[in-house]
Amino acid sequence: MGGVNSPVRAMRAIGRDPLFVDRAEGAFVWDADGNRYTDYLATWGPAILGHAHPAVIGDLREALGRGTSYGAPTEREVLFAEAVCAAFPSIERVRMTSSGSEAVMGAVRLARAATGREVVVKAEGGYHGAIDGLLAQAGSGATTLGVPTSPGVTAGATAATRLVPYNDLAAAEAALEGAAAIIVEPVAGNMGVVPPAPGYLEGLRAACDRTGALLILDEVITGFRVAYGGAQERFGVRADLTCLGKVIGGGLPVGAFGGRADVMRELAPEGPCYQAGTLSGNPLATTAGLATLCELAREGTYARLEELGAMLEDAIVASGAPVTINRVGSMLTPFFTDAPVTDYASALAADTEAYGRLARALLADGVYPPPSQFEAWFCGLAHTEDDIRATGAALARAVAA
Ligand code: KE4
């Protein structure tokens, strides 16, 4: 199975063998042969502070002496939940899990339980974790081009999943009639970065209010990434349920979902909708998560992330690469196409061979981009102007070659 524990890191999408990492610190990772890379993968999003941040490592070291898992509630989980609720006004109650996929699974089941309806609407090219019901033309690693669902996903599992093009508000409004919910990435990251069209998120909110469907915003990537309060803060839209992951665990296994109290109280043990997890709210994961959120809450964090993202975008433009760049804050994707990329169909028009050549050349030159055209490049607080200037030079060499 490709020598990896998750398909997209096998690097098949860029035509090479996977790169085995030995360690990471700050903006850099080192492979098993000792080669150093300036890292824009950021372990698919979590490494927003940079790797092995002293505050995270220090708190983890202190926590380790008190054990690694109790299977019981802790004060730290409460503090973590309070920090999440303070950042996201739409989140009145939060349930922690051990991955983004689990968070999405819980949120979707809860939306169906709370509304008594079955249909869940998702966007083509949206990826919400390796979940049977949502592996229908998913983006990210789940896409084998032309095969909309994964073998092993039964027709029953996706029978209640309706697909609409991303950024197509009219299609979503129609699909939401009688539906339990719509789940979207408020900024798509798994077809490459595709921002919401002006009015799209607001339109989904109004359509959900009109039809009684729940708006589930999958902020596993965007949560604490595009703003401290995620895409909901950046775009001023309120979800009924929000899914989180990646950044909130500071690199340890964490996911979370939360939202309206009246919906969340349907969740076991308060309500009948079952959801569970042995390591949910794990003491080490909540320690790393809290340390990360504390650092991100500092003044100037998101202005700096915006600045770094703009610098990286400028470096790609200056390299002369024939790409269309979509960027929101510190997440961006250079698409090898000269047309705008506003949905899955236009993302699929990108030249993945060309992206593969660029990525392979950058890896040979000490720069680590995401190994797929359909992912996001991430800047983090450990990147410096010099790092990005050096990346610009590597980009220019790669484009010239
Ligand atoms: P995890 O189960 O991988 O923690 O989260 C699933 C998930 C849910 N929602 C969104 C918007 C996501 O992006 C993800 C996971 N993203 C992929 C790549 N962007 C993770 C990489 C991988 O699968 O190896």
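Please read these numbers as outputs of a predicted model, since none were measured by experiment.

Novice: What is the right way to look at the overall build of the protein chain in this model?
Specialist: In terms of helices and strands, the protein chain carries 13 helices and 14 strands. Computed over its C-alpha atoms, the radius of gyration of the protein chain comes to 20 Å, within 12% of the 21 Å expected for a compact globule of 401 residues. Each of the three principal axes of the protein chain carries a C-alpha extent, and together these read 60 × 50 × 40 Å. Residues counted as buried form 55% of the 401 residues belonging to the protein chain. For the protein chain, restricting intrachain contacts to residue pairs at least 6 apart in sequence, the fraction spanning at least 24 positions comes to 69%. Accessible surface, the protein chain: about 16,000 Å² in total, of which carbon and sulfur atoms supply 53%. The average position of the 30 basic charges and that of the 44 acidic charges among the side chains of the protein chain differ by 3 Å.

Novice: What am I meant to see in the site of the ligand here?
Specialist: For the ligand, the set of nearby residues contains 17 residues, the closest of which are Ser6, Ser101, Asn190, Asp218 and Glu375. In this structure, serine 6 approaches the ligand through a side-chain N or O atom, which is 2.6 Å from an oxygen atom. Within the backbone of glycine 100, one N or O atom sits 3.0 Å away from an oxygen atom of the ligand. When isolated, the ligand has an accessible area of 540 Å², and the protein chains bury 87% of it. Split into classes, the residues belonging to the shell around the ligand amount to five nonpolar, eight polar and four charged.

Novice: Help me understand the pairing of strand E9 (residues 241-245), please; the structure alone is not making it clear to me.
Specialist: Two faces make up the sheet, and in a regular strand the side chains alternate between them. For E9, the buried fraction is high: five of the five residues fall into the buried class. Of the two faces of E9, the one lined by Leu241, Cys243 and Gly245 and the one lined by Thr242 and Leu244 are each fully buried. As defined by bridge partners, strand E8 (residues 214-218) adjoins E9 across three bridges and the pair is classed as parallel. Within the sheet, the bridge partner assigned to aspartate 218 lies in E9 and is cysteine 243.

Novice: How do you make sense of the packing of aromatic side chains when you look at a structure like this?
Specialist: Between two aromatic rings, the relevant description is the distance of the centres plus the angle of the planes. Using the criterion set out here, one finds eight aromatic pairs in the structure. Judged by centre distance (6.1 Å) and plane angle (35°), the ring pair of tyrosine 40 and tryptophan 377 falls under tilted. With a gap of 337 residues between them, tyrosine 40 in the loop between strand E3 (36-39) and helix H1 (54-64) and tryptophan 377 in strand E14 (residues 377-378) connect regions that are remote in the sequence. The class of tryptophan 377 is buried, set by a relative accessible area of 1%. Residue placement shows arginine 23 over the ring face of tryptophan 30; its charged tip is 3.8 Å from the ring centre. Sitting over the ring of phenylalanine 28, arginine 36 keeps its end group 3.7 Å from the ring centre.

Novice: Got a minute to help me understand the packing of helix H10 (residues 301-318) against helix H13 (residues 385-400) in this structure?
Specialist: Helix-helix packing is described using two parameters, namely the angle between the two axes and the distance between the axes. Viewed as axis vectors pointing N to C, H10 and H13 meet at an angle of 20°, and their least axial separation amounts to 9 Å. Judged by the inter-axis angle, H10 sits roughly parallel to H13. Viewed along their axes, H10 and H13 form a crossing whose handedness is right-handed. Residues Arg304, Leu308, Met311, Leu312, Ala315 and Ile316 of H10 form the contact with H13, whose own contacting residues are Glu385, Ile388, Thr391, Gly392 and Leu395. In the contact of H10 with H13, the residues fall into seven nonpolar, two polar and two charged.

Novice: How should the side chain of threonine 97 be read in this particular structure?
Specialist: When you line up the elements, threonine 97 lands in strand E4 (residues 93-97). Taking relative accessible area as the criterion, threonine 97 reaches 1% and is therefore assigned buried. In terms of polar contacts, threonine 97 uses its side chain to reach the backbone carbonyl oxygen of serine 99, at 2.9 Å.

Novice: What is the right way to look at the pairing of strand E7 (residues 181-184) in this model?
Specialist: A two-sided burial pattern is seen for E7, the buried positions comprising Ala181 and Ile183 on one face and Ile182 and Val184 on the other. The pairing of strand E5 (residues 120-123) with E7 spans three bridges and is parallel. Its bridge partner being in E7, lysine 122 is matched across the sheet by isoleucine 183. As for the winding sense of the linkage, the β-α-β connection from E7 through helix H6 (residues 200-211) to E8 is right-handed.

Novice: Hey, could you run me through the side chain of aspartate 387 in this one?
Specialist: Secondary-structure assignment places aspartate 387 in helix H13. Arginine 36 is the oppositely charged side chain nearest to the buried, salt-bridge-free aspartate 387, at an N-O distance of 5.3 Å. In this view, aspartate 387 contacts Ala27, Phe28, Thr38, Tyr40 and Ala382; residues no more than four positions away in its chain are not counted.

Novice: Help me out: how do you make sense of the nonpolar core in this one?
Specialist: One broad rule of soluble globular proteins: the nonpolar side chains tend to lie buried together. Leu312, Ile316, Leu362, Tyr368 and Trp377 are the most contacted members of the largest nonpolar core, which has 32 residues in total. Mapped by element, the contributors of at least two residues to this core are H10, helix H12 (352-364), strand E13 (367-368) and H13. No other element matches the six residues that H12 contributes to this core. With sequence-adjacent residues up to four places away left out, leucine 362 is seen in contact with Val367, Pro369, Trp377, Ala394, Leu395 and Ala398. Membership of the second largest hydrophobic core comes to 30 residues, among which are Val119, Ala172, Ala175 and Leu204.

What counts and what doesn't
Residues numbered from 1 in each chain as written. Predicted model: local features only at pLDDT ≥ 70, side-chain atom pairs only at ≥ 80, totals over all residues. Heavy atoms only, no water. Helix = DSSP H or I, 4+ residues; strand = E, 2+ residues; numbered from the N terminus. Rg over C-alpha atoms; globule rule 2.2 N^0.38 Å. Buried < 20%, exposed > 50% of the residue type's maximum accessible area, 1.4 Å probe, protein only. Contact = heavy atoms within 4.5 Å. Areas by Shrake-Rupley, 256 points an atom, 1.4 Å probe, with all protein chains shown as cover. Lys, Arg positive; Asp, Glu negative; His and termini not counted. Charge placed at Lys NZ, Arg CZ, Asp CG, Glu CD. Near = heavy atom within 4 Å. Polar contact = N/O pair within 3.5 Å; in protein donor to acceptor, adjacent residues only side chain to side chain. Nonpolar A, V, L, I, M, F, W, Y, C, P; charged D, E, K, R; others polar. Pairing = 2+ DSSP bridges. Phe/Tyr/Trp six-rings, centres within 6.5 Å; stacked < 30°, edge-to-face > 60°. Lys NZ or Arg CZ within 6 Å of the ring centre and 35° of its normal. Axes fitted to C-alpha atoms, helices over the stretch in contact; angles between N-to-C directions. Parallel < 35°, antiparallel > 145°, perpendicular 65-115°, else oblique. Left-handed = near helix turned anticlockwise from the far one by under 90°. Right-handed = clockwise from strand over helix to strand, strands pointing away. Salt bridge = Lys/Arg side-chain N within 4 Å of Asp/Glu carboxyl O. Core = buried A, V, L, I, M, F, W, Y, C linked by side-chain atoms within 4.5 Å.

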